[in-house]
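Observations on the model geometry
The residues making up each chain are set out below.
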Amino acid sequence: MSVGAAVRRVRAYGGQFLLLAVLTLVVTLLISGVPRLVNRLAEQGLRAQLNSELAARRDLSYTTALEPATSQRTAMGNAAERFDALAAEMPPPVRSAVTERWYSVETAATRVVGPDLAARNLLVDLGLRAMPDIQGASTLVEGAWPSETYVPDRPIEVALDVDVARKLNLRAGSQLRIGNTDDKGNLHDAAPVVVAGLFRPVDRANGIWDGLPQLLRIIEPPGDGMPFTMFGVVAQSVFNKRAVAGWPIQSKWRYRLGVDRIDAQKLDELIDGLQVMQRNQPTGLTLTQGVDVPLRAFAAQIDAVRTLLAVIAAGVLATLAGLIVLAASLATRRRRSEFALLRARGGGATAGARRSLAESVLVVPVAAVLGWWLGTLFPGAPDPTTPYLIAVTVLVTLALPLATLAVPAGGAGRRDLIRVRPSARRLTVEVSLLLLAGLAAVLLRRRGLTLGEVDPLLVSVPVLLAVAAAVLALRAYPWPLLLVSRLAARTRGSVAFLGTARAGRAAVAAPLVVVVLAIGTAAFCAVVAAGVDASRERAAAQIVPADAVIRGERFAPDTIDELGRLPGVRAVTRVLYEDDERLASDEVGTDAFIGQTDVLLIDGSGLDRVARDSQVDLSVPTALRTAAPGPGPLPAIVSPSVAADLAKAGLDDSAFISVQGQRYEFRVAGTQDGFPMLAANASRFVILPWQALPTRTTIPVPTSLLIAGDSLDAEALRVAGDEGQERYQRDGAVTGRERMIGVTVDTRADVRRGLGEGGANGVLAFGFVAGAAGGTVLGLLAIAFTVLAGARARGQVLSRLRTLGLSRRQWRGLLLVELTPLVAVSVLTGALVGAVLPLLLNPVLGLSAFTSGVPVRVAFEPSLVAAVLALGAVALGFAVAVEALNNRRLRLGEVLRLGEES
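What counts as what
Residues numbered from 1 in each chain as written. Predicted model: local features only at pLDDT ≥ 70, side-chain atom pairs only at ≥ 80, totals over all residues. Heavy atoms only, no water. Helix = DSSP H or I, 4+ residues; strand = E, 2+ residues; numbered from the N terminus. Contact = heavy atoms within 4.5 Å. Areas by Shrake-Rupley, 256 points an atom, 1.4 Å probe, with all protein chains shown as cover. Core = buried A, V, L, I, M, F, W, Y, C linked by side-chain atoms within 4.5 Å. Buried < 20%, exposed > 50% of the residue type's maximum accessible area, 1.4 Å probe, protein only. Pairing = 2+ DSSP bridges. Axes fitted to C-alpha atoms, helices over the stretch in contact; angles between N-to-C directions. Parallel < 35°, antiparallel > 145°, perpendicular 65-115°, else oblique. Left-handed = near helix turned anticlockwise from the far one by under 90°. Salt bridge = Lys/Arg side-chain N within 4 Å of Asp/Glu carboxyl O. Patch = residues over 30% accessible without salt bridge, like charges linked within 9 Å, V, L, I, M, F, W, Y side chains within 5 Å. Polar contact = N/O pair within 3.5 Å; in protein donor to acceptor, adjacent residues only side chain to side chain. pLDDT = per-residue confidence, 0-100. Nonpolar A, V, L, I, M, F, W, Y, C, P; charged D, E, K, R; others polar. Phe/Tyr/Trp six-rings, centres within 6.5 Å; stacked < 30°, edge-to-face > 60°. Lys NZ or Arg CZ within 6 Å of the ring centre and 35° of its normal.

Attention shifts here to the overall build of the protein. Counting secondary structure elements, the protein contains 28 helices and 22 strands. For the protein, the proportion of contacts with a sequence separation of at least 24, taken over those separated by at least 6, is 82%. Accessible area of the protein: about 42600 Å², with a carbon and sulfur share of 57%.

Now for the nonpolar core. Leu60, Tyr255, Leu295 and Phe524 are the most contacted members of the largest nonpolar core, which has 160 residues in total. The contacts of phenylalanine 524, once residues within four sequence positions are left out, are Leu308, Val311, Ile312, Gly834, Leu837, Pro838, Leu841 and Leu845. Listed in part, the 29 residues of the second largest apolar core include Ala611, Met677, Leu678 and Val854.

Pairing between the strands of a sheet comes from backbone hydrogen bonds, and it takes one of two forms, parallel or antiparallel. Taken in spatial order, the 10 strands make up an open sheet running β15-β18-β19-β17-β20-β16-β14-β21-β13-β22, and their pairing is mixed. Across the chains shown, the open sheet's two edge strands, defined by having one partner strand only, are β15 (583-584) and β22 (744-747). Where strand β18 (residues 655-659) lies against strand β19 (residues 662-671), 5 bridges are found, and the strand directions are antiparallel. Bridge pairing links serine 658 to arginine 663 in β19. Packing against the sheet, helix α20 (residues 604-613) makes contact with β14 (569-581), β16 (597-602) and β21 (704-709), and its axis sits at approximately 125° to β14.

Quick look at the pairing of strand β1 (residues 59-64) now. Counting buried positions along β1 yields 6 of 6 residues, so the element is predominantly enclosed. Residues Asp59, Ser61 and Thr63 of β1 are buried on one face, and the alternating residues Leu60, Tyr62 and Thr64, pointing to the opposite face, are buried as well. Looking at chain direction, β1 and strand β11 (residues 248-257) are connected through 5 bridges and run antiparallel. Bridge assignment links tyrosine 62 to a residue of β11, and that residue is tryptophan 253.

Running from N to C, helix α11 (residues 351-376) and helix α12 (residues 386-405) point in directions that differ by 150°, and their axes come no closer than 8 Å. Between α11 and α12, the interaxial angle falls into the category roughly antiparallel. α12 is crossed by α11, and the crossing has right-handed handedness. In this structure, α11 contributes Gly352, Ala353, Ser356, Leu357, Glu359, Ser360, Val361, Val364, Pro365, Ala368 and Trp372 to the contact, and α12 contributes Leu389, Thr393, Val396, Thr397, Leu398, Leu400, Pro401, Thr404 and Leu405.

Because side chains alternate across strand β12 (residues 285-289), one face comprises the buried residues Leu285, Leu287 and Gln289, and the other comprises Thr286 and Thr288, none of which is buried. Across 5 bridges, the pairing between β1 and β12 is antiparallel. When the bridges of β12 are listed, threonine 63 appears paired with threonine 286.

Here we take up the pattern of salt bridges. This model, assessed by the stated rule, comprises 29 salt bridges. With a closest N to O distance of 2.9 Å, aspartate 116 and arginine 171 form a salt bridge. Pair noted here: aspartate 116 is in helix α5 (residues 115-118) and arginine 171 is in the loop between α6 (162-167) and β8 (175-181), with a separation of 55 residues, a long-range link. Note on aspartate 116: relative accessible area 12%, which makes it buried. A relative accessible area of 44% means that arginine 171 is categorised as partly exposed. Sharing partners across several salt bridges, the network here consists of Asp59, Asp210, Arg254 and Arg256.

Attention shifts here to a nonpolar patch on the surface. Taken together, Leu357, Val361, Ile390, Val394, Leu398, Leu402 and Leu405 make up a surface patch of nonpolar side chains, about 600 Å² in accessible area. For the nonpolar patch, the secondary structure elements donating two or more residues are α11 and α12. Looking at the nonpolar patch, the element that brings in the most residues is α12, giving 5 residues. On the secondary structure map, leucine 402 appears in helix α12.

Position of lysine 252 among the secondary structure elements: in strand β11. At a separation of 3.1 Å, a polar atom in the side chain of lysine 252 contacts the side chain of glutamate 106. Here leucine 212 takes part through its backbone oxygen, which lies 2.4 Å from a polar atom of the side chain of lysine 252. For lysine 252, the contacting residues outside a window of four places in its chain are Tyr62, Thr63, Trp102, Tyr103, Ser104, Glu106, Leu212 and Pro213.

What follows is about the confidence of the model for the protein. Summary statistics for the protein give a mean pLDDT of 85 and a share of 89% for residues scoring 70 or more. By mean pLDDT, helix α17 (residues 495-505) is the weakest element of the protein at 67, and strand β13 (residues 548-551) is the strongest at 95. Across residues 733-737 the pLDDT falls below 50, and counting only partners more than four positions away or on other chains, this stretch makes 8 contacts in the model.

Viewed as axis vectors pointing N to C, helix α8 (residues 267-279) and helix α9 (residues 292-334) meet at an angle of 145°, and their least axial separation amounts to 10 Å. The hand of the α8/α9 crossing is left-handed. Residues Leu267, Asp268, Leu270, Ile271, Leu274 and Gln275 of α8 pack against Asp292, Leu295, Arg296, Phe298 and Ala299 of α9. Partitioned by chemical class, the residues of the contact of α8 with α9 number 7 nonpolar, 1 polar and 3 charged.

This paragraph deals with the packing of aromatic side chains. Across all of its chains, the model carries 5 aromatic pairs by this definition. When the ring of tyrosine 62 is compared with that of tyrosine 255, the centres are 6.4 Å apart and the planes differ by 80°; the resulting orientation is edge-to-face. Of this pair, tyrosine 62 sits in strand β1 while tyrosine 255 sits in strand β11, placing them 193 residues apart in sequence. A single burial state applies to tyrosine 62 and to tyrosine 255, both of which are buried. Each ring, one from phenylalanine 83 and one from tyrosine 255, has its centre 5.7 Å from the other, and the planes form 25°; the classification is stacked. You can see phenylalanine 83 sitting in helix α3 (residues 72-88) and its partner tyrosine 255 sitting in strand β11, a full 172 residues away along the chain. A single burial state applies to phenylalanine 83 and to tyrosine 255, both of which are buried. We note arginine 82 situated over the ring of tryptophan 253; from NZ or CZ to the ring centre the distance is 6.0 Å. In this arrangement the basic side chain of arginine 101 is found over the ring face of phenylalanine 83, its NZ or CZ atom lying 4.8 Å from the centre.

In structure tokens, the structure reads:
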């Protein structure tokens, strides 16, 4: 069998081989390129998430205890030695991610006095810090840097940030004294200090300034009568001498992970390395790091989305595999007479298959290589997909020879008849397929999916269920058409009868399966995407059950009235939250020996009003909404675990809990798994109705305020919240306490936007869009194959009917009646599969990583019905258009020639 003959046959059947080549190219392109694109999106998401946080959060900080040094070497020399040693001891994934590092040694801040400070009556504590490379990161503005030459009895020379110095009335040359104070504030063992120079940082964003306490900022007094705190830079040699003199010192080493050095594909290795460091801290050192929190959150999202993408990819690739089988079968059917003639001339049973193999080898590997090459042009790091590409190329190359072997040796029989009773072989295959799909579904629910890993059997469950549904639809398909055909036979006209009769006898087994696979994949993506979007709305309402929330420490009672006067504010309600409170069994506070519990105090009616005004779907329990002051315990909503503990202790009718120092009696009026304003994973809480609290001298003070309104100004809300806290402190309620931290303002719209942006959301959106669009396009292509599979037979029938007087309009009607049941059954079955699959797979996909821990719920979407109807109309129009184009190409008058096959 010469290569030239194979080339000529490929040219003769160019359209069929072009279709096979295009399908091969698409498959290899997806296998080669999509993983790169996913990796690229994952890298971008990780960069965006890390860059959105403070750079200091990527620091790994080692610190020693504040204690006297034993020698000069332990002050700076030992710090320099350990600086490199600590980096060398890091696990390789962590060490390779470090891009910047700094170390310093400092003293505790102690009282400093001087005439310049006294001129403004300033109470100040000063800490001394020695750190290399500071001169390269700053510019001297005034004076000189502290001298490295140690001279006995010379004052300690210190350099200060220029802004810090001016705020405290200091300048180059200011004379100070530093020492310890007694209970009366008198200075003892004072040492002279002189401000040698003032500096300004070249770049305030440089990580060298992120060490705590900061050099560039004054630490405000935490309360009345307490000192300001600042830190200054001293020479290393001077610091060594002071350390030897017995001053307690503390060494600090910081290593910053670079955003560009953190590989999303090796995130698990980095997290494991951080865990090893946390577990194996060097003796005498404390490791502080917080970078593992965002990394773990991102890793959870990536694991979930990779599992979801594997499920979607299984559906898309199975659809493409079905299309390749259809293309090979269609090509073989068109050449059936050629293979029959080859056998008649003495060819062996495999002669046709060998001929097809030679032709496939000329086309498929070239298309596969081209698809692989195009995939390499996609941005992103590659995955090890070479074995899959080789396997796909081999299987597609064998598709046409295997289809040729399946051709009956004696020619074709009638393909327009369907047996009422299927053969034993077909029945066995179908029953086995149904049992396999059911078994796989049971295994999926029992074992689940290991997020981030691909279990071939369990990921193929959607494919098996779609195929099983298609088999059932195919088995039930002819019966309603048979009934309709009998009814149509009693009516006038032949179009309805002939159309339904032909539709009922159509052999659509393989095409129907492929269409169901494609439409099921698209519907699955659409339903899950809608479920994630709705769950994000619920998550945003869980975090902010209003239009905005102001969170702080404690607000003055009149803050609610002040907020009500702001533009756009319609309603305000108060909330009090305290964590880790102990339950008591009586009013005197006898411990009930029940685990610590969070307590939430809400105004039930106020929360209900704010939620309604904010259009939040929130059902406030009746016990909280209607509670009123009166004798007896307060009605409370508790979590199931707290309810179980109270029932076990016999306290469900009467228990006590402390709220801001006041003890309140409550009874269990209901249970809920969660509640707004609480974390999604909160499992122990008690919720009390604020409006029903008994009247007491000390009243509770809100810690958060919920606001309903239009076009709210977040900055105005923040200012009003800060002023409310200041009024509460100024009124004397917290005299002598630390200054309150500024409030935070969150709007529900911002929270909702944040849930849908950043992290691995880009990969998730890509999966949904690609799956829905790809499934739809492939479904239409499968419908085209379905139409083309019976095109010749329909062409013969239509040509005969046209010779008998069938008009063009009747011909179109007949075509529409024949194709409508096929399209409707395939699209509806696929949509049903896509709507049911999320109910099975949702519990094991881990998509709550994208909804702030709120479980993702998938439910019936009314819009899916409209989408299915629209898709069915498009598919039907597409099928009719394909049939019309094919008939025009075939020239229906020529298909009646002697020897033309169906």
